[in-house]
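# Fold and geometry: a report
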Amino acid sequence: MAVVRLATWNVNSVKARLPRLLEWLEQSAPDVLCLQETKLATDAFPAEEVKALGYDTAHHGEGRWNGVALLSRVGLDDVRRGFAGDPGWGGEPGGEEPLFEEPKLEARAVSAVCGGVRVWSVYVPNGRAPESAHYGYKLNWLEALRVAVSQDLATGEPVAVCGDFNVAPADSDVFDPAAFIGSTHVTKPERDAVAALVAAGLSDIVPKPMKGPNPFTYWDYRAGMFHQDKGMRIDLALVSAAVAGAVKGAYIDREARKGKGPSDHAPVVIDFDI
DNA sequence: ATGGCGCGAGAATCGCGA
């Protein structure tokens, strides 16, 4: 029941991606797959379709936006949707949309024990612009995640926090640092927030690109960015020491970014030597 | 400097993504 292959993939709508998702599951055969941006209500996940391939599902959805899931064929125990301390999204003061009466919890984290590992699938808030309230939400959310994950780490159980962090940890994780000046995803506070997660006891497993020198996991749909390899590494797998010590290899499945109807993210796949 | 693509909701554009 051990996790031999762990993967994470922002699919940008499970509904729109279902044929490719099922095909990818069959071809890549992960033991555990973390999904982000399912864009489905919790009960609307196609659990029967993935069950036919041997996977149990834990989905935390909200409908139109966000949504995270865990698919596992090595057990799926003690499922937790969301986490204590999640600050929620309070809206943009002075923005066009009205402020919410109270912060609204969004479906951005689900965790469960799979094959002896506490696995998290997370979708970190985008941040939109450094001067926006959404950026503050992003930083607060990441800090709350650090606190919650630290509690898992304190139990001594193996932990893997995987997902779309919407942060490129280093300049080498973007195609051109100059192109991102003034943008989110690369600011020092965002990078510090990810570094704090690492400092809590996690290792950032940098996957190998299947082509070219850049370990990018996301490429904008527009302007041929993928074909020019103008991307970013924002999908991360942060794992505790015992998990990191068992890593045999990791790669980015850029083939899944090709062809008709891809997500704008590619899956990150990590293999373990158990 | 801007938009460039794609998705969902819902019926025309819009909010959002990074």
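Residues numbered from 1 in each chain as written. Chains lettered and ligands numbered in written order. Predicted model: local features only at pLDDT ≥ 70, side-chain atom pairs only at ≥ 80, totals over all residues. Heavy atoms only, no water.

Looking at an unreviewed UniProt entry, one finds chain A named Exodeoxyribonuclease III and attributed to Dactylosporangium matsuzakiense. We quote the UniProt Sequence similarities (unreviewed entry) comment for chain A here in full: "Belongs to the DNA repair enzymes AP/ExoA family." (UniProt positions renumbered as here; feature names shortened; annotations may be inferred.)

Another aspect to go through is the overall build of chain A. Each helix and strand counted, chain A has five helices and 14 strands in total. Its C-alpha atoms give chain A a radius of gyration of 17 Å, within 12% of the compact-globule value 19 Å for 274 residues. Principal axes of the C-alpha set define a box for chain A whose edges measure 50 × 40 × 35 Å. Across the 274 residues of chain A, 54% fall into the buried class. (Helix = DSSP H or I, 4+ residues; strand = E, 2+ residues; numbered from the N terminus. Rg over C-alpha atoms; globule rule 2.2 N^0.38 Å. Buried < 20%, exposed > 50% of the residue type's maximum accessible area, 1.4 Å probe, protein only.)

What follows concerns the pattern of salt bridges. Scanning all chains against the criterion turns up 16 salt bridges. Note that E143 is salt-bridged to R146, the shortest N-O span being 2.7 Å. Of this pair, E143 and R146 both sit in helix α3 (residues 133-154), three residues apart, which is roughly one turn of the helix. D192 is the partner of K188 in a salt bridge, and the nearest nitrogen-oxygen pair spans 2.9 Å. With K188 and D192 both in helix α4 (residues 188-199), this residue pair falls four residues apart, about one helical turn. The class of D192 is partly exposed, set by a relative accessible area of 39%. Here the residues in one salt-bridge network are D78, R80, R118, D152 and E157, joined through shared partners. (Salt bridge = Lys/Arg side-chain N within 4 Å of Asp/Glu carboxyl O.)

On to the sheet that holds strand β8 (residues 159-164), then. Picture the strands of a sheet paired through backbone hydrogen bonds; they go either parallel or antiparallel. With mixed pairing, six strands are arranged side by side in an open sheet as β5-β6-β7-β8-β12-β9. If you trace the sheet from one side to the other, it starts and ends with β5 (77-81) and β9 (202-204), each paired once. Geometrically, the sheet is characterised by an average inter-axis angle of 15° between neighbouring strands, direction not taken into account. Sheet topology places β9 next to strand β12 (residues 235-240); three bridges connect them, and they run antiparallel. Its bridge partner lying in β12, S203 is registered against V239. (Pairing = 2+ DSSP bridges. Axes fitted to C-alpha atoms, helices over the stretch in contact; angles between N-to-C directions.)

Turning our attention to empty space enclosed by the protein. What the rule picks out here adds up to one cavity of 30 Å³ or more. What the largest cavity holds in volume is close to 40 Å³. Every residue lining the largest cavity is listed: P209, M210, K211, N214, F216, W219, D229, I252 and R254. Within the lining of the largest cavity, the residues separate by chemical class into five nonpolar, one polar and three charged. (1 Å grid on protein atoms, 1.4 Å probe; cavity = no way out; pocket = protein on both sides within 12 Å on 5 of 7 lines; lining within 4 Å. Points joined across faces, edges and corners; volume = space filled by probe spheres on them. Nonpolar A, V, L, I, M, F, W, Y, C, P; charged D, E, K, R; others polar.)

Once that is clear, we can look at the UniProt feature "active site" (unreviewed entry) in chain A. Residues given the UniProt feature "active site" (unreviewed entry) here are Y123, D164 and H265. The annotated residues occupy 143 residues of the chain but converge on a single region, no pair of C-alpha atoms lying more than 12.7 Å apart. Those annotated residues that line the largest pocket are Y123, D164 and H265. Overall, the relative accessible area of 9% leaves Y123 in the buried class. In contact with Y123, not counting residues within four places along its chain, are N10, Q36, E37, N66, V68, R108, W141, D164 and N166. Within the element layout of this structure, H265 appears in the loop between β13 (247-252) and β14 (268-272). (Contact = heavy atoms within 4.5 Å.)

Counted residue by residue, β12 has six buried out of six residues, so it is predominantly covered. Residues D235, A237 and V239 of β12 are buried on one face, and the alternating residues L236, L238 and S240, pointing to the opposite face, are buried as well. Pairing of β8 with β12, which is carried by five bridges, proceeds in the antiparallel orientation. Bridge assignment links A160 to a residue of β12, and that residue is V239.

Moving on to the pairing of β14. Regular strands place side chains that alternate from one sheet face to the opposite one. For β14, the tally of buried residues reaches five of five residues, placing the bulk of the element in the interior. What you see with β14 is no split at all: V268, I270 and F272 on one side and V269 and D271 on the other are buried throughout. Across four bridges, strand β1 (residues 5-10) lies against β14 in antiparallel orientation. Of the residues in β14, the one forming a bridge with R5 is D271. In this sheet, β14 lies alongside β13 in antiparallel orientation, the contact comprising five bridges. Bridging across to β14, I252 finds its partner in V268.

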